[in-house]
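For reference, the chains in residue letters:
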2 protein chains.
Amino acid sequence: MTDPTVLLPSWRDGATRSSLLAFLKAAEQLPVEQRVAAFDNDGTLWCERPTYAQFDFLVSELAAQAALDPSLRDRPEFAAVLAGDHAAIGDLGIARVGLALAELLAGIEPDEFTLKARAFMGGALHRTLGIPLLRAVYQPMLELLDELRRRHFAVFIVSGGGNEFVRSISQDVYGVPPEAVVGTQITYEFSRGEDGRPLLLRTARLDGDANEGAAKVHRIQAQLGRRPIFAAGNSAGDREMMEWACAGDGPGMALLVDHDDSEREFQYVSVAATVDEATPITAVAAQLGWVVASMANDWTSVFPTS
Amino acid sequence: MTDPTVLLPSWRDGATRSSLLAFLKAAEQLPVEQRVAAFDNDGTLWCERPTYAQFDFLVSELAAQAALDPSLRDRPEFAAVLAGDHAAIGDLGIARVGLALAELLAGIEPDEFTLKARAFMGGALHRTLGIPLLRAVYQPMLELLDELRRRHFAVFIVSGGGNEFVRSISQDVYGVPPEAVVGTQITYEFSRGEDGRPLLLRTARLDGDANEGAAKVHRIQAQLGRRPIFAAGNSAGDREMMEWACAGDGPGMALLVDHDDSEREFQYVSVAATVDEATPITAVAAQLGWVVASMANDWTSVFPTS
């Protein structure tokens, strides 16, 4: 049992933990309204390999619908997904496949989507780790969320994932309410039932861009109206948000989660696509002076043990 | 001095106050995550006559810029505004005039807009009431916000006003942080300064529709992800949001502020434009069973006295 009075117990002593503790201490001197933290989700708060949890959910939904309507198997996007043929998915394009999958959940109310997502996530196991998907979250990051909140930070999740999907689990898994999630948004259609009752229905069309790169900065300002002074991410899609957090007048900190632990999680490097496709995000971090959390070296445990 | 133990002291005893108290009591039985309340701002939380506060701010900004650059006076939209010629503004169209005024604040960072708005609002007087604009807020509604928050409601402002403008005053005036404001959104442009520093700059283009009517329902779901069970409004632009709040599975309440007090505030009736242009919103309220707050009869005081 870890001593609960020790801050960030799953962070190993060293430069990264010291930087976090120094930031937390410095933030206590700031006006509360400046204490804003933004976290990417996939690969930053929870595991994104070998597949995104949202993808797993959509595959499950596709399988259920294809069992009732086998003609769905004729569509190339769905055939590739059902076969687990990642080469075919890549050939079709992940965006095209994603929009096809979104059609499976068009025409329903947001609350129905939420119920479906919760039903899936409540029972799903991680494909290779053998733990529930809802437990494939990073214990050190959960501790960081808690320490920020204890210092009256507003803690936001800024994800490339769909708003409704991330919101379906954000309160239970992270203690983050739906309105503090900024994700990719599907367009809704407002209509009225035969009784005149107002209805809001999901479509399969994106509302604006996918929430990656500069779109994350746009949406933070549009939805939240406050610049974070702390941002955590792990990939190219988080770069602008992390730079933005460090570009204010006061203190700012960017934390990059480096997936360098093939033993306990996965080893891979994201490529920063937005400025220079050949530059890995770890090199961007070194160039811009970000703090890097090495999963292998900085984390005493990766997933919750209790 | 009002007895602080009395709930809603500025609400006169009667059917409206009883309905509010019954709703507050019933809500205590609901799961906290269902306790969501949405308030329109102009005409619902603060005075919107004879002009919107945001319009007053933009006129002030226009006058300041025209003093430095007299050529601005040649533009018909600006000439009409500077002359206070409401007929000319009506002829040009309020949307066109509004977008022209938005150009005055394009190309700057959101934080600069906020500072300008705060500087104006901090010193501005209401045009006819002779009180500070920041005091032209409805005391009974402030009491209602407080009672909802005491019951752990998430309290949101869902306004046709601009996000940055409403957010510039929402914390100080209503205790509502920026991320709990859902307003009309200007598009931003992400760019980089010469030093590579990321910059987010306001444009003069709307991001989506003005936040009125069905757009309010869209944005509540997109930004907040939760359906309110309480909605307050005063005009046609609030109708869909108020219907939406009453259309969930559990209890729901819509409160219409009726501007029937020519003595203490203004007497006017909004026309519900979205379904039937000839129907005043008070008739919609009667038809749909909304609770109506008569300013003349239900409010013992309109503005804060201390």
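Residues numbered from 1 in each chain as written. Chains lettered and ligands numbered in written order. Predicted model: local features only at pLDDT ≥ 70, side-chain atom pairs only at ≥ 80, totals over all residues. Heavy atoms only, no water.

*Asks:* Whenever I open this one, the overall build of chain A confuses me. Can you help?
*Replies:* What chain A contains, in helices and strands, is 12 helices and eight strands. Against the 2.2 N^0.38 benchmark of 19 Å for 306 residues, chain A shows a C-alpha radius of gyration of 20 Å, consistent with a compact globule. Among the 306 residues that make up chain A, the fraction classed as buried is 54%. Surface exposure of chain A reaches about 12,900 Å², of which carbon and sulfur atoms provide 52%. Averaged over its 26 positive side-chain charges, chain A has a centre that lies 4 Å from the centre of its 42 negative ones. (Helix = DSSP H or I, 4+ residues; strand = E, 2+ residues; numbered from the N terminus. Rg over C-alpha atoms; globule rule 2.2 N^0.38 Å. Buried < 20%, exposed > 50% of the residue type's maximum accessible area, 1.4 Å probe, protein only. Areas by Shrake-Rupley, 256 points an atom, 1.4 Å probe, with all protein chains shown as cover. Lys, Arg positive; Asp, Glu negative; His and termini not counted. Charge placed at Lys NZ, Arg CZ, Asp CG, Glu CD.)

*Asks:* When you look at the interface of chain A and chain B in this model, what are you seeing that I'm missing?
*Replies:* How big an interface is tends to be stated in terms of accessible area lost as the parts join. Contacts between the two partners involve 36 residues from chain A, matched on the other side by 36 residues from chain B. For the salt bridge of Arg192(B) with Glu243(A), the shortest nitrogen-to-oxygen distance reads 2.7 Å. Scanning the region where chain A abuts chain B turns up 21 residue pairs in polar contact (both at pLDDT 80 or more). Secondary-structure elements contributing two or more residues to the side of chain A that touches chain B are strand 2 (154-162), helix 8 (163-174), strand 4 (186-192), strand 5 (198-206), helix 9 (214-224) and helix 10 (239-246) of chain A. Per-element accounting of the side of chain A that touches chain B gives the leading share, seven residues, to helix 9 of chain A. (Contact = heavy atoms within 4.5 Å. Salt bridge = Lys/Arg side-chain N within 4 Å of Asp/Glu carboxyl O. Polar contact = N/O pair within 3.5 Å; in protein donor to acceptor, adjacent residues only side chain to side chain.)

*Asks:* Any chance you could explain the packing of helix 2 (residues 53-68) of chain A against helix 6 (residues 110-123) of chain A here in plain terms?
*Replies:* When two helices pack together, their arrangement is given by the angle between the helix axes and the distance between those axes. Residue and element names in this part refer to chain A. One way to put it is that helix 2 packs onto helix 6 with a least axis distance of 10 Å and a crossing angle of 100 degrees. Here helix 2 lies roughly perpendicular to helix 6, going by the angle between them. Contact residues: Ala53, Asp56, Phe57, Ser60 and Glu61 in helix 2; Phe113, Lys116, Ala117, Phe120 and Met121 in helix 6. (Axes fitted to C-alpha atoms, helices over the stretch in contact; angles between N-to-C directions. Parallel < 35°, antiparallel > 145°, perpendicular 65-115°, else oblique.)

*Asks:* I tried to follow the pattern of salt bridges on my own but got confused; where do I start?
*Replies:* Where charged atoms from two side chains of opposite charge come close, those side chains can pair. Counted according to the given criterion, the structure contains 38 salt bridges over all chains. One salt bridge connects Arg17(A) with Asp13(A), and the closest N-O pair in it is separated by 2.8 Å. According to the relative accessible area criterion, Asp13(A) is exposed, its value standing at 66%. Across the pair Lys116(B) and Glu61(B) runs a salt bridge, and its minimum N-O distance is 3.1 Å. Highlighted residues: Lys116(B) in helix 6 (residues 110-123) and Glu61(B) in helix 2 (residues 53-68), separated in sequence by 55 residues. Assessed through its relative accessible area of 29%, Lys116(B) is described here as partly exposed. Here Glu61(B) falls in the buried class, since its relative accessible area comes to 9%. A network of salt bridges, in which partner residues are shared, links Glu28(A), Glu147(A), Arg150(A) and Arg151(A).

*Asks:* So what exactly am I meant to see when it comes to the sheet that holds strand 6 (residues 230-233) of chain B here?
*Replies:* Pairing between the strands of a sheet comes from backbone hydrogen bonds, and it takes one of two forms, parallel or antiparallel. Residue and element names in this part refer to chain B. Pairing is parallel in the open sheet, where six strands are placed in the order 3-2-1-6-7-8. The open sheet terminates on both sides in strands that have one partner only, identified here as strand 3 (181-184) and strand 8 (291-294). Neighbouring strand axes in the sheet, compared pairwise and without regard to direction, differ in orientation by 20 degrees on average. Direction of pairing for strand 6 relative to strand 7 (residues 253-258): parallel, over a ladder of four bridges. Looking at strand 7, one finds that Phe230 is bridged to Met253. Where helix 7 (residues 139-150) meets the sheet, it contacts strand 1 (36-39), strand 2 (154-162), strand 6 and strand 7, and its direction lies at approximately 160 degrees from that of strand 1. (Pairing = 2+ DSSP bridges.)

*Asks:* Would you take a moment to explain the sheet that holds strand 2 of chain A for this structure?
*Replies:* All names here are of chain A. Read from one edge to the other, the open sheet built from six strands follows the order 3-2-1-6-7-8, with strand pairing classed as parallel. Looking along the sheet, the strands with just one partner apiece sit at the ends: strand 3 (181-184) and strand 8 (291-294). The average undirected angle you get between the axes of adjacent strands in this sheet is 20 degrees. Bridge analysis of strand 1 (residues 36-39) against strand 2 gives four bridges, and the strand direction is parallel.

*Asks:* How should the pairing of strand 1 of chain B be read in this particular structure?
*Replies:* The side chains of a regular strand alternate between the sheet's two faces. All names here are of chain B. What you see with strand 1 is no split at all: Val36 and Ala38 on one side and Ala37 and Phe39 on the other are buried throughout. The pairing of strand 1 with strand 6 spans three bridges and is classified as parallel. By the bridge assignment, Phe39 is partnered in strand 6 with Ala232.

*Asks:* Help me out: how do you make sense of unusual backbone geometry in this one?
*Replies:* Peptide bonds are trans in most cases, and residues, glycine excluded, mostly fall at negative phi. All names here are of chain A. Look at the link from Arg49 to Pro50: it is a cis peptide, with omega at 0 degrees. By secondary structure assignment, the location of Pro50 is in the loop between strand 1 and helix 2. Of note in the backbone geometry, His152 takes a positive phi value of approximately 65 degrees without being a glycine. Mapping His152 onto the fold places it in the loop between helix 7 (139-150) and strand 2.

*Asks:* Sorry, what's going on with the relation of the copies chain A and chain B here?
*Replies:* The pair of chain copies shares a relation made of a rotation about an axis and a shift along it. When chain A is fitted onto chain B, the two copies agree to an RMSD of 0.0 Å after a turn of 180 degrees and an axial shift of 0.0 Å. Accordingly, the operation relating the two chain copies is best matched by a two-fold axis. Of the C-alpha atoms belonging to chain A, the one lying closest to the rotation axis is found on Gln223(A), 3.1 Å away. (Least-squares fit on C-alpha atoms with pLDDT ≥ 70 in both.)

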